[in-house]
Every structure is written in C-alpha cells, then in structure tokens.
Amino acid sequence: MNFKRFGRPAVIAIAAGLALSSCAANEGAAPAADASASTLTGTLNGAGSSAMDAAQQAWIAAFQTANTGVTINYEPSGSGGGREAFIAGGTDFAGSDSYLGTDELAGEFASCVPGTKAVDLPVYISPIAVIFNVEGVDELNMDADTLAKIFSGAITTWDDAAIVALNPDATLPAETINAVHRSDDSGTTKNFTDYLGQAAASGLWDEKASDTFPFGGEGAKGTSGVVDAVTNGTNMIGYADASQAGTLSTAKLMVGDEFVAYTPEAAAEVVVGSPLVADRAADDLALDLNRKTTNPAEYPLVLVSYAIVCNEYADAAQGELVKAYVEFISSAEGQAVAEENAGVAPMTSELIDNVAAVLATVK
C-alpha cells in the first residue's frame, strides 16, 4: 500500500511508545475474552454510512459483550448525515463512505477541542455492486461508458445497441430502463460517481464525485431503499454495497479486456494499490482509490468506509471510549467480525498498523 505520509517507521515508533505507557491507559482498548477485565463504562453515539450498518451492528454486539458497561448506538442515516451530525457535536464519531471534504475540514468540530480537527480512519472495505432485476436476464456485463450513459439518462432502453454489444448472448427486452440512485447524501453515491467520472470516456460523465446524485430519475433512501426498489420493481438497475445486495443479480464490470465479478478480495486489491489523498494532515488516512485499473485481479468500483474521529476530544472520557471502540473495529479481530457478518474484505496488516498508529495519538 502506497502510504506517502505515514510510513512503517512511524508505526513502529508509536507501537514502542505504547508498550511503555501505563496499562490503565489502554485497559479495554479491544474486547477481551473475559468481559470482567474491562472497566470501560459509558454510552457512545455514532451515525452515518448505511452501507456498513451490518458491520457496525456486528462490531457493537462483540464490543458490548466484552465491555458490558458500554452502550453503543449507531444510526445508519447515510454518510452525509453522519458527517453533519458529528461536525455539529450530535454524535461521538461518524461512519462515512467518503472522507471529509476540504470545506468540512476548514470548519470547527463541536466535539473536538477548539482549534483541533478530525481525521479519517479506514475501517471497512467493500465492493459496490451494480444490482439489476431485468426480465429474462440472469447475467449482465457492463462497462463504465455504458453505466455512465444509463445513469445520466443517455441510454433509456435495455435493448440499446451499447448494452447488446456487451451482452451478445442475452435476450434483452425492448423495455425502459428504470435506474435507481440514492436520494439521500451518500458516500456510496460519491464512490459510484467517482468511478464513473474516472473510468468512463471523456465527456460521458463530467460531474464531480458527490454525495448527492447529480441527475434525475428514481431515488430511494439508504442502501436498503435502493435494494428494495430494485427487488420489487421491473427492469431495474441500481448500485449498493455488495454486502447488502442479497439475492439480487449483479453485473460484471469490464476491467482491462475482461469482465470481472465483484469479490471482497478484488476490492481489497484496489485499496492495496491506492495512495493516500495528497495535501492532507499527516494523520489523515483518506485514500485516493485507483478507479482506472486495467488489472482484472482488481475490482475498481469499491468503497472504503471511514471512522471519523477527533484528534482530541473536548470530553476526554468520551475520547477514550471512541478510541477503544475504533481500535477494536480496525483490529484484526474486529475485521474478522466484519468479514464473517457482513462479507466484507478485511484490511491488510499494513493498513491496520497505520490506523493503530494514528489512534495511539487520539486523546
């Protein structure tokens, strides 16, 4: 993984410092087999990404089992809503499928010590599936150009020549395409539009990546809303976190010269080859995902969800609770919980180490 700002030596140095710190400061940092060993108490409130709700609920159950004095609430209100609530001080952390924007970083964070900022910490990696429900079609191939035309409204029927060319063996109906997008501000939308903007040919998708879908059409609230709309509609297509696609059919995407089905492993491979976003604070781990890959071992339509936390909390006790919880969800143990319960790709050991290094500095 191409980390330009926070390398392995820094991780080792911070880890060494942690080994010398007091046991009390780290007590309860991750769930232990013996719940009675934890002295953590209090309530944490988080909100944001609906895509990672299944993982959050699994993490919360595991953490609360090991830390019986802690209650954690997570509201899957969407990435944009989660960031807004956190910035306003309504929650202790946010879950977001898109990292904080420069305008957000320029403002104040109500839960943080005045003058300090928040950081983006990757905790969840998942492919975004192009889900469809089309009469008589079980398999579907797509490329970025064709998806851009469908979701912008330039292609309107399933038997369009561009779709037929990608699917010569399919019986495509001469019916209207019903394309569903997220109606709420969504990090999944930002990742989807980022993919189209980078991977589609010039002029086909000129809109900037955004939490807000830039065109009209049918909208549905939350990941579950899009999945329900595609499931219950006719001749539908949409996009959703793959862990919540359920039994819906999913399209293969053209990567290089091959059509590639999503897998957690292929999503993780893209993250491995992606650098950090340039010109951000040294402890911010926002990733600049490589959407233009031509390597068929990589699936470029992927999202990375972040835990957004303060550098330094105005309420130190809340800061310790947030730190303990995020240390768990970003650990190898926490990643295994998410993989088992939400089918997502676990983070690499290098990324786990880099997140741990930043968390060691959170107060």
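Structure: see above.
Residues numbered from 1 in each chain as written. Predicted model: local features only at pLDDT ≥ 70, side-chain atom pairs only at ≥ 80, totals over all residues. Heavy atoms only, no water.

Asker: Even after reading the chapter, I still don't get the sheet that holds strand E10 (residues 252-255), so can you show me in this structure?
Answerer: Backbone-to-backbone hydrogen bonds join strands into a sheet, with any given pair of strands oriented parallel or antiparallel. The strand order across the open sheet built from three strands is E5-E10-E11, with neighbouring strands paired in mixed fashion. Every other strand in the sheet has two partners, leaving strand E5 (141-142) and strand E11 (258-260) as the edge strands with one partner each. For E5 and E10, the ladder comprises two bridges, and the chain directions are parallel. Paired with Met-142 across the strands is Leu-253, a residue of E10. (Pairing = 2+ DSSP bridges. Helix = DSSP H or I, 4+ residues; strand = E, 2+ residues; numbered from the N terminus.)

Asker: Is there a simple way to explain the pattern of salt bridges in this structure?
Answerer: A side chain of one charge can pair with a side chain of the opposite charge if their charged atoms are brought near each other. Tallied over the full model, the rule gives six salt bridges. Between Arg-83 and Glu-104 there is a salt bridge whose closest N-O contact spans 3.0 Å. Placement of the pair is Arg-83 in helix H4 (residues 79-88) and Glu-104 in helix H5 (residues 102-105), with a sequence separation of 21 residues. Taken as a pair, Arg-83 and Glu-104 share a single burial class, namely buried. As a salt-bridge pair, Arg-280 and Asp-284 come within 3.2 Å of each other at their nearest N and O atoms. (Salt bridge = Lys/Arg side-chain N within 4 Å of Asp/Glu carboxyl O. Buried < 20%, exposed > 50% of the residue type's maximum accessible area, 1.4 Å probe, protein only.)

Asker: Where do I start with the packing of aromatic side chains in this structure?
Answerer: The description of an aromatic ring pair rests on the distance of the ring centres and on the angle between the ring planes. According to the stated counting rule, one finds 14 aromatic pairs in the structure shown. A centroid spacing of 6.1 Å and a plane angle of 40 degrees characterise the contact between Phe-63 and Phe-328, whose relative ring orientation is tilted. Placement of Phe-63 in helix H3 (residues 53-66) and of Phe-328 in helix H11 (residues 316-329) is noted, with a sequence separation of 265 residues between them. Each member of the pair, Phe-63 as well as Phe-328, carries the same accessibility label: buried. Members of the aromatic cluster, joined through ring pairs, are Phe-151, Phe-192, Trp-205, Phe-213, Phe-215 and Tyr-239. Sitting above the plane of the Tyr-99 ring, Lys-190 keeps its charged end 5.5 Å from the centroid. (Phe/Tyr/Trp six-rings, centres within 6.5 Å; stacked < 30°, edge-to-face > 60°. Lys NZ or Arg CZ within 6 Å of the ring centre and 35° of its normal.)

Asker: What is the right way to look at the pairing of strand E1 (residues 42-48) in this model?
Answerer: For a regular strand, the rule is simple: side chains alternate between the two faces of the sheet. Judged from the six bridges that link them, E1 and strand E2 (residues 70-75) form a sheet pairing that is parallel. For Thr-43, the partnering residue across the bridge sits in E2 and is Thr-71. Traced from E1 through H3 to E2, the parallel crossover comes out right-handed. The pairing of E1 with strand E3 (residues 93-96) spans three bridges and is parallel. Residue pairing in the sheet places Ala-47 in a bridge with Ala-94 of E3. (Right-handed = clockwise from strand over helix to strand, strands pointing away.)

Asker: How should I be thinking about the packing of H3 against helix H12 (residues 332-342) in this particular structure?
Answerer: To characterise two packed helices, one gives the angle between the axes of the helices and the distance between these axes. Where H3 meets H12, the closest approach of the two axes is 9 Å, and the angle between their N-to-C directions is 125 degrees. On the basis of their axis angle, the class for H3 and H12 is oblique. When the axes of H3 and H12 are compared, the crossing they make is right-handed. Across from Ala-54, Ala-55, Ala-58 and Trp-59 in H3, the residues of H12 making contact are Gly-334, Gln-335, Val-337, Ala-338, Asn-341 and Ala-342. Taken together, the residues that form the contact of H3 with H12 break down as seven nonpolar, three polar and no charged. (Axes fitted to C-alpha atoms, helices over the stretch in contact; angles between N-to-C directions. Parallel < 35°, antiparallel > 145°, perpendicular 65-115°, else oblique. Left-handed = near helix turned anticlockwise from the far one by under 90°. Contact = heavy atoms within 4.5 Å. Nonpolar A, V, L, I, M, F, W, Y, C, P; charged D, E, K, R; others polar.)

Asker: Please explain unusual backbone geometry as it appears in this structure.
Answerer: Negative phi values dominate among residues other than glycine, just as trans dominates among peptide bonds. One non-glycine residue, Asn-235, lies in the positive phi region at around 55 degrees. Relative to the assigned elements, Asn-235 resides in the loop between helix H9 (222-232) and strand E8 (236-241). For Asp-279, which is not glycine, the phi dihedral falls at a positive 60 degrees. Mapped onto the secondary structure, Asp-279 falls in the loop between helix H10 (264-272) and strand E12 (302-310). What makes Asp-279 exposed here is its relative accessible area of 81%.

Asker: What should I look at first to understand the packing of H3 against H11 in this one?
Answerer: Two elements in contact, H3 and H11, have axes separated by 10 Å at closest approach and are oriented at 115 degrees. Considered as vectors, H3 and H11 are oriented roughly perpendicular to each other. Crossing geometry of H3 relative to H11 is assigned as right-handed. On H11, the residues touching Gln-56, Trp-59, Ile-60, Ala-62 and Phe-63 of H3 are Ala-324, Tyr-325, Phe-328 and Ile-329. Looking at side-chain class alone, the contact of H3 with H11 contains eight nonpolar, one polar and no charged residues.

Asker: Just checking my understanding: could you explain the nonpolar core for this structure?
Answerer: Most often, soluble globular proteins keep nonpolar side chains buried together rather than apart. Grouped together as the largest cluster of nonpolar side chains are 96 residues, with contacts concentrated most on Trp-59, Met-142, Phe-151 and Ile-237. If you look at the next biggest cluster of nonpolar residues, it comprises 13 residues, including Ile-131, Ala-220, Met-236 and Ala-245. (Core = buried A, V, L, I, M, F, W, Y, C linked by side-chain atoms within 4.5 Å.)

Asker: Honestly, the side chain of Asp-241 in this entry has me stumped. Any pointers?
Answerer: Within the element layout of this structure, Asp-241 appears in strand E8. As a buried residue without a salt bridge, Asp-241 has its nearest oppositely charged side chain in Arg-182, at a separation of 8.6 Å. At a separation of 2.4 Å, a polar atom in the side chain of Asp-241 contacts the side chain of Ser-243. Excluding anything up to four places from it in sequence, Asp-241 contacts Ala-51, Tyr-124, Ser-126, Pro-127, Thr-188, Thr-223 and Leu-303. (Lys, Arg positive; Asp, Glu negative; His and termini not counted. Polar contact = N/O pair within 3.5 Å; in protein donor to acceptor, adjacent residues only side chain to side chain.)

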